[in-house]
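Summary of structural features
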Amino acid sequence: AVVSTQSTGDYQEISPWNTAYVKRFKSAKKPWFRFLHGTMTDLHRFCQNRPYLQLFFAFFRSFGMWVGLSNPFLGACVLISVLMDNVYIFVFYCTAVCSGIFWCFYLKVEKEKIYNGLYPCQAIYVSIT
């Protein structure tokens with residue numbers, strides 16, 4: 001969503017990954033498994049202060065971004081389908097995404113872009129070529 005901050009056309013991106021934006025809202029109180037069938041924003045808000053869980057989901061989101069949707073469950077399905085096709089390609093893709101995540105942290109890329117799978121998924125494209 002894009003929100004105008006001034007009347008001159010200066011726009012600011014609103015993102016559920018932005019910690020300052022998310023803190024403005026009340027968090028839902030429900031068991032952890034209820035977040036799995038909710039919206040991705042609910043799942044992200046559940047993981048907001050758990051960086052290791054966000055990194056775990058970033059791995060799967062990268063595979064989801066490979067088909068165009070930043071969704072960890074879609075990424076898990078893509079990963080399973082790759083595993084069913086060829087084990088060597090599965091290992092190759094997992095290595096590519098893990099190295100992509102490593103290089104993103106090493107180069108100090110914004111964590112938002114790492115956690116949503118946008119930059120680590122590019123390693124898959126590079127590994128294909």
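The following paragraphs examine the structure supplied in this document. Please read all numbers here as calculations on a predicted model, not as lab measurements. (Residues numbered from 1 in each chain as written. Predicted model: local features only at pLDDT ≥ 70, side-chain atom pairs only at ≥ 80, totals over all residues. Heavy atoms only, no water.)

Considering all chains together, one arrives at eight aromatic pairs under this definition. For the pair phenylalanine 59 and phenylalanine 63, a centre-to-centre distance of 5.3 Å together with 75° between the ring planes defines the contact as edge-to-face. Note that phenylalanine 59 and phenylalanine 63 are positioned in helix H3 (residues 51–66) at a spacing of four residues, about one turn of the helix. When its relative accessible area of 15% is taken as the criterion, phenylalanine 59 is described as buried. Of the residues examined, phenylalanine 63 reaches a relative accessible area of 0% and is grouped as buried. Ring plane angle 90° and centroid distance 5.2 Å describe the contact between tryptophan 103 and tyrosine 106, whose orientation is recorded as edge-to-face. Remark: tyrosine 106 and tryptophan 103 occur in helix H5 (residues 87–106); sequence separation between them is three residues, near one turn of the helix. Grouping aromatic residues by their ring pairs yields a cluster made of Phe56, Phe57, Phe59, Phe60, Phe63 and Phe73. (Phe/Tyr/Trp six-rings, centres within 6.5 Å; stacked < 30°, edge-to-face > 60°. Helix = DSSP H or I, 4+ residues; strand = E, 2+ residues; numbered from the N terminus. Buried < 20%, exposed > 50% of the residue type's maximum accessible area, 1.4 Å probe, protein only.)

For the rest of this paragraph, the subject is helix H4 (residues 72–85). Here H4 is 14 residues long and its end C-alpha atoms lie 20 Å apart, about the 20 Å a rise of 1.5 Å per residue gives. Within the span of H4, buried status applies to Pro72, Gly75, Val78, Leu79 and Val82. Buried residues along H4 cover an arc of 110° about the axis, so they all sit on one side. (Expected span 1.5 Å × (residues − 1). Arc of directions from axis to C-beta.)

The interhelical angle for the contact between H4 and H5, taken along N-to-C directions, is 140°, at an axis separation of 6 Å. By the angle class used here, H4 and H5 are oblique. Contacts between H4 and H5 involve Leu79, Val82 and Leu83 from the former and Val87, Ile89, Phe90, Tyr93 and Cys94 from the latter. When the residues that make up the contact of H4 with H5 are grouped by side-chain class, the tally is eight nonpolar, no polar and no charged. (Axes fitted to C-alpha atoms, helices over the stretch in contact; angles between N-to-C directions. Parallel < 35°, antiparallel > 145°, perpendicular 65-115°, else oblique. Contact = heavy atoms within 4.5 Å. Nonpolar A, V, L, I, M, F, W, Y, C, P; charged D, E, K, R; others polar.)

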